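A look at the structure
Read off the chains here:
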Amino acid sequence: MRVRHGLRDLLRGLHPIEPTPGERRPAAADSELLLRVLCHEFRTPISTLTSLTRALADERRELTEDDRRALSELARDQAAHLQSLLCDATAGTGVLTPAPQPEPAVALAGILREAAALVPVGRRRARATRRAASCPVPAGRTRQVLVNLVQNALRLQEVLGGKWGEMTVANQYLFQGWNCRLPGKYKDLLLDVGTEEMGHVEMIVTMITRLLDNAPLSLTEGIAEDPGGAATYAGENPAHFIHGGGGALPADSNGVPWNGAFITASGNLLADFQLNVTAEAQGRLQVARLFNMTDDPGVKQMLRFLLARDTMHQNMWLAAIEQLKEDGLEDMPVPEAFPDSGEFTEEFGYTYLSFSSGTDANEGRWASGPTPDGKGEFRYGDSPRANAPEPVLPPGDPRLYGTNPGVAGSVKNTVKSKLT
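Parameters at a glance
Residues numbered from 1 in each chain as written. Predicted model: local features only at pLDDT ≥ 70, side-chain atom pairs only at ≥ 80, totals over all residues. Heavy atoms only, no water. Helix = DSSP H or I, 4+ residues; strand = E, 2+ residues; numbered from the N terminus. Buried < 20%, exposed > 50% of the residue type's maximum accessible area, 1.4 Å probe, protein only. Contact = heavy atoms within 4.5 Å. Axes fitted to C-alpha atoms, helices over the stretch in contact; angles between N-to-C directions. Parallel < 35°, antiparallel > 145°, perpendicular 65-115°, else oblique. Left-handed = near helix turned anticlockwise from the far one by under 90°. Nonpolar A, V, L, I, M, F, W, Y, C, P; charged D, E, K, R; others polar. Core = buried A, V, L, I, M, F, W, Y, C linked by side-chain atoms within 4.5 Å. Pairing = 2+ DSSP bridges. Phe/Tyr/Trp six-rings, centres within 6.5 Å; stacked < 30°, edge-to-face > 60°. Lys NZ or Arg CZ within 6 Å of the ring centre and 35° of its normal. Salt bridge = Lys/Arg side-chain N within 4 Å of Asp/Glu carboxyl O.

**Here's the deal with the overall build of the chain**
Helix and strand content of the chain: 15 helices and five strands. Going through the 420 residues of the chain one by one, you find that 34% of them count as buried. Sequence separation of 24 or more characterises 70% of the internal contacts of the chain that already satisfy a separation of 6 or more.

And the structure:
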């Protein structure tokens, strides 16, 4: 407090808002001093506030409710202190604009009532915990709260029915397990994880359906009592209601239906397990991106769970790959059992072919040293050469009317004779 009053007095001494007639405005040296004072005084609260908010937002930190409450109180104190400094600087210099008045806030329960009012009585199913219902929300954000409900539903469709979504991995693991001819731990592994992923499908379907509960069915219904409903209606996918009756769809975020061609069950476990690692990596990548696209705490909580399970599954499939090799069942390259030609393997099996103008690729692990399968040494080929003459295709069947080289009248007559 003593420092703050000192700043106020210094600022007012340097640069009064309303100088009296003939009063001297601060010289350049005074302005520089003013800037140094401002930077010095603002540095500590800004740095502290930044550190506290980062600690609260860091998902890797395990914070208790008491920890979060204490950090939040400290952050509020620092924010209040910073606001006081800004007010002092404004009063002392007249340079900084006054701090904006805080936006009126309404309880979340009030927003939910407004959302429920957008739909017929029989479909009003807005719920919130007592703690969430009393949470203050800036009035200007009420429209965004309504829109977020629908947008979250659309985004979650990708991790449900997209190429790398839960429907894909669930069916992929189950088909790999059903097709597995090796009884025991590997078959159990595939069927166990496939069954778990079906549970993830149910979780996401349920979340999408709940997010759609209060969405308006028409523009008229949307704007009946709140213009925010129009924005909500504009962001909807009508197929959610026309095809799904207000529920999730077996489709991606663009509404493209899920396709069974997304799944792979080759019968070779090493090939399949390597693809499963990719599927889990792509799925976790998309879930992580979705996490940063929503501020809905319920959606975030579900995504945290999915991220944790995707972490486990990536590690699990990598461990399963190593187990296959240790058990002597499969090895690199896939399929290991194929009898390679010694001549072709020697010349082409471990040679990196460079078609670039430089030689940067030669610095990579793939251009020299032992190969991961332990059966050869990488070589770097910086001068690829043709291994066969340039292909020349013979004339095609003239009845297909393609453009052939050297088409003569005799060929045309031959065609006519065959057709008549």
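From this point, the narrative continues.
**Focus on the packing of helix 7 (residues 166-179) against helix 8 (residues 185-211)**
Two elements in contact, helix 7 and helix 8, have axes whose closest approach is 8 Å; the angle formed by their N-to-C orientations is 155°. Taken together, the axis directions place helix 7 and helix 8 in an arrangement best described as roughly antiparallel. As helix 7 runs across helix 8, the sense of the crossing is left-handed. Residues Glu166, Met167, Val169, Ala170, Asn171, Tyr173, Leu174, Gln176, Gly177 and Trp178 of helix 7 touch helix 8, and the partners they reach there are Lys187, Leu190, Leu191, Val193, Gly194, Thr195, Glu197, Met198, His200, Val201 and Ile204. When the residues that make up the contact of helix 7 with helix 8 are grouped by side-chain class, the tally is twelve nonpolar, six polar and three charged.

**Re the nonpolar core**
In this structure, Leu156, Leu160, Ile204, Ile208 and Leu303 are the most contacted members of the largest nonpolar core, which totals 22 residues. For this core, the secondary-structure elements that each account for two or more residues are helix 6 (142-161), helix 7, helix 8, helix 12 (269-291) and helix 13 (297-326). Here Ile208 is in contact with Ala153, Leu156, Gln157, Leu160, His240 and Ala248, once residues within four sequence places are set aside. Ranked by size, the runner-up nonpolar core spans 17 residues in total, among them Tyr173, Leu190, Ala279 and Ile321.

**Re the pairing of strand 5 (residues 377-381)**
Inspection of the sheet shows strand 3 (residues 351-353) paired to strand 5 by three bridges, in the parallel sense. Each bridged residue has a counterpart across the sheet, and for Thr351 the counterpart in strand 5 is Arg379. The pairing of strand 4 (residues 369-370) with strand 5 spans two bridges and is antiparallel. Across the sheet, Pro370 pairs through a bridge with Glu377, a residue of strand 5. What sits between strand 4 and strand 5 in their antiparallel hairpin is a turn of six residues, with Gly374 showing a positive phi close to 70°.

**Quick notes on the packing of aromatic side chains**
Going through the model one piece at a time under the given rule, you end up with seven aromatic pairs. Centre to centre, the rings of Tyr352 and Tyr380 are 5.9 Å apart; their planes meet at 10°, and the pair counts as stacked. Placement of Tyr352 in strand 3 and of Tyr380 in strand 5 is noted, with a sequence separation of 28 residues between them. Between Lys300 and the ring centre of Phe291, over which it is positioned, the NZ or CZ distance is 3.7 Å.

**A few points about the pattern of salt bridges**
Inspection of the entire model under this criterion finds eight salt bridges. For Glu336, the salt bridge identified is with Lys375, shortest N-O distance 3.5 Å. One end of the pair, Glu336, is in the loop between helix 13 and helix 14 (342-348); the other, Lys375, is in the loop between strand 4 and strand 5, and 39 residues separate them in sequence. Residue class for Lys375 comes out partly exposed when judged on its relative accessible area of 43%. Here Arg385 ties to Glu347 by a salt bridge, and the two come within 3.2 Å at their closest N and O atoms. Remark: Glu347 occurs in helix 14 and Arg385 occurs in the loop between strand 5 and helix 15 (409-419); sequence separation between them is 38 residues. With relative accessibility at 57%, the residue Arg385 sits in the exposed group. Of the residues examined, Glu347 reaches a relative accessible area of 36% and is grouped as partly exposed.

**Some remarks on the environment of Glu202**
Its place among the elements puts Glu202 in helix 8. As a C-alpha pair, Glu202 and Met167 span 35 residues in sequence and 9.7 Å in three-dimensional space.

**Side note on the packing of helix 8 against helix 13**
The contact between helix 8 and helix 13 brings their axes to 12 Å, and the two run at 165°. As summarised for this structure, helix 8 and helix 13 are arranged roughly antiparallel, according to the angle between their axes. Relative to helix 13, the crossing made by helix 8 is left-handed. For the pair formed by helix 8 and helix 13, the contact residues are Lys185, Tyr186, Leu189, Leu190, Val193, Glu196, Glu197, His200, Met203, Ile204, Met207 and Leu211 on the first element and Gly298, Val299, Met302, Phe305, Leu306, Arg309, His313, Met316, Trp317, Ala320, Gln323 and Leu324 on the second. Counted by class, the contact of helix 8 with helix 13 contains 16 nonpolar, four polar and four charged residues.

**Details of unusual backbone geometry**
Look at the link from Met332 to Pro333: it is a cis peptide, with omega at -10°. Along the chain, Val334 connects to Pro335 via a cis peptide bond; the corresponding omega equals -10°.

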